[in-house]
Amino acid sequence: MLADQDSVIDVAVEPRRIAAMQGWQWIINAFTMFKQAPTAWLGLCGAYILLVAGFSMLPFVGEIASTVLGPVCLGGVMWAAQKQANGTVPQIIDLFAGFQQRLIELVKVGAFLLIGVVIAQQIVALLGFSLPTKPVTTMAEFEPYMPALMLNLLAASTIYSVFIYAPSLVMLQGLAAGEAMKLSFLAFTRNWQPIFVMSLFGGALMLLAILPMFLGLIVALPVALLTSYMSYVDVFATENERE
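If you're wondering where the values come from, they're calculated on a predicted model, not measured in any experiment.

We now examine the overall build of the chain. Across its full length, the chain holds 12 helices and zero strands. Going from N to C terminus, the chain has its helices and strands arranged as α-α-α-α-α-α-α-α-α-α-α-α. Taken across its 243 residues, the chain has 39% of its residues classed as buried. Look at the contacts in the chain between residues 6 or more apart in sequence, and 73% of them connect residues 24 or more apart.

Set out below in structure tokens:
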């Protein structure tokens, strides 16, 4: 199996296997990082949301633009996080580092993401599966939609596994898009347990953040972005980078 091989891709970076509960530690570390420069991260997160939302509202091509350029923006966020880890306070201008330094490869990541989503949608449609269009109240009503739900979950997990670390690897390790996505998939297969824990706790915290009139999102959204960086550091970074 691919995930069981000690070294399967000829690059200097090799994903480590991380304990399952480390997924919770990623969130804690992300919150600690946020507390060290809260003003900077509130500004960065706000600019990130506005930028991606702005792409999505472009006439005719909004959805395509936001999907393709999303990894470029995320690369800038990862760049800012690494700057802080190296002792420099991040700035809003760091959000555009992906556009300045690794635009082509990050756009390739976004393009592959878009293609993957389109292919997954077409497969579901060709197989004749559909999701409910009205509220489902009983298990008997839900059962006919189970194949569609499972297929959608499988497709989403596959796309997520290829994408989760790709922007960070392109931006921070200088990898080409293809190699970054291969490594991202390998890292996911080795670390799906801590990623699941991270997603479970992160989703619960996000729901709690919504309750007080969405005010909790002011902190939750920057922490969510930083959690992605902390996950990348734990899985990929060298000992010196993790110190």
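That shown, we press on.
Counting residues in each nonpolar core, the largest one holds 56 residues, and the members touching the most others are Trp41, Tyr165, Leu169, Tyr229 and Phe236. Secondary structure elements with two or more residues in this core: α1 (22-36), α2 (38-56), α3 (62-85), α5 (103-126), α8 (166-173), α9 (177-190), α10 (192-210) and α11 (217-236). In this view, Tyr229 contacts Met33, Met78, Ala81, Gln82, Ala85 and Leu172; residues no more than four positions away in its chain are not counted.

Moving on, we come to the confidence of the model for the chain. Scored by pLDDT, the chain has a mean of 87; 85% of the residues are at 70 or more. Here helix α12 (residues 239-242) stands out as the element of the chain with the lowest mean pLDDT, 55, in contrast to α1, whose mean of 97 is the highest. For residues 1-10, every residue scores under 50 in pLDDT, and the model assigns this stretch 18 contacts once sequence neighbours within four places are set aside.

With that settled, consider a nonpolar patch on the surface. A contiguous nonpolar surface patch, about 1,000 Å² in accessible area, is contributed by Met21, Trp24, Ile28, Trp192, Phe196, Leu200, Phe201, Leu205, Leu208 and Leu211. Elements represented by at least two residues in the nonpolar patch include exactly α1 and α10. Top element by residues in the nonpolar patch is α10. It accounts for six residues. Examined against the element boundaries, Leu200 turns out to sit in helix α10. Residue class for Leu200 comes out exposed when judged on its relative accessible area of 51%.

This brings us to α5. With 24 residues, α5 ought to run about 34 Å at 1.5 Å a step, and its terminal C-alpha atoms sit 34 Å apart, in line with that. Taken together, the buried positions of α5 are occupied by Glu105, Leu106, Val109, Gly110, Leu113, Ala120 and Val124.

Given a rise of 1.5 Å per residue, 19 residues ought to cover 27 Å, and the 26 Å separating the end C-alpha atoms of α10 matches this to within 8%. Buried residues of α10: Pro194, Ile195, Val197, Met198 and Ala209, and no others. Summarising the axial view, the buried residues of α10 lie within an arc of 155 degrees, below the 170-degree limit, and thus occupy one face. For α10, the exposed residues lying more than 90 degrees away from the buried face are Leu200 and Leu207.

Moving on to the side chain of Arg190. Along the polypeptide, Arg190 turns up in helix α9. Polar side-chain contacts of Arg190 include one of 2.7 Å to the backbone oxygen of Pro15.

Tallying each qualifying case throughout the model produces eight aromatic pairs. With a centroid separation of 6.2 Å and 40 degrees between ring planes, the pair formed by Phe96 and Phe99 is classed as tilted. Judged by its relative accessible area of 32%, Phe96 falls in the partly exposed class. Judged by relative accessible area, Phe99 falls into the partly exposed class, the value being 26%. Where Tyr160 meets Phe188, the ring centres are 6.1 Å apart and the plane angle is 90 degrees; that geometry is what we call edge-to-face. Residue Tyr160 is located in helix α7 (residues 146-163), and its partner Phe188 is located in helix α9; the two are separated by 28 residues in the primary sequence. The rings of Tyr165, Tyr229, Tyr232 and Phe236 are connected pair by pair, giving a single aromatic cluster.

What follows deals with the pattern of salt bridges. For the structure shown, the criterion picks out four salt bridges. The salt bridge involving Lys83 is made with Asp94; its shortest N-O contact spans 3.1 Å. Note that Lys83 is positioned in helix α3 and Asp94 in the loop between α3 and α4 (97-101), a separation of 11 residues in sequence. For the salt bridge of Glu179 with Lys182, the shortest nitrogen-to-oxygen distance reads 3.7 Å. Taken together, the residues Glu179 and Lys182, both in helix α9 and three residues apart, mark about one turn of the helix.

Looking now at the environment of Leu221. Inspection of the secondary structure assignment puts Leu221 in helix α11. Its relative accessible area of 28% is what places Leu221 among the partly exposed residues. With residues near it in sequence (within four places) discarded, Leu221 still touches Cys45, Ile49 and Met206.

Cut-offs used in this document
- Residues numbered from 1 in each chain as written.
- Predicted model: local features only at pLDDT ≥ 70, side-chain atom pairs only at ≥ 80, totals over all residues.
- Heavy atoms only, no water.
- Helix = DSSP H or I, 4+ residues; strand = E, 2+ residues; numbered from the N terminus.
- Buried < 20%, exposed > 50% of the residue type's maximum accessible area, 1.4 Å probe, protein only.
- Contact = heavy atoms within 4.5 Å.
- Core = buried A, V, L, I, M, F, W, Y, C linked by side-chain atoms within 4.5 Å.
- pLDDT = per-residue confidence, 0-100.
- Patch = residues over 30% accessible without salt bridge, like charges linked within 9 Å, V, L, I, M, F, W, Y side chains within 5 Å.
- Areas by Shrake-Rupley, 256 points an atom, 1.4 Å probe, with all protein chains shown as cover.
- Salt bridge = Lys/Arg side-chain N within 4 Å of Asp/Glu carboxyl O.
- Expected span 1.5 Å × (residues − 1).
- Arc of directions from axis to C-beta.
- Polar contact = N/O pair within 3.5 Å; in protein donor to acceptor, adjacent residues only side chain to side chain.
- Phe/Tyr/Trp six-rings, centres within 6.5 Å; stacked < 30°, edge-to-face > 60°.

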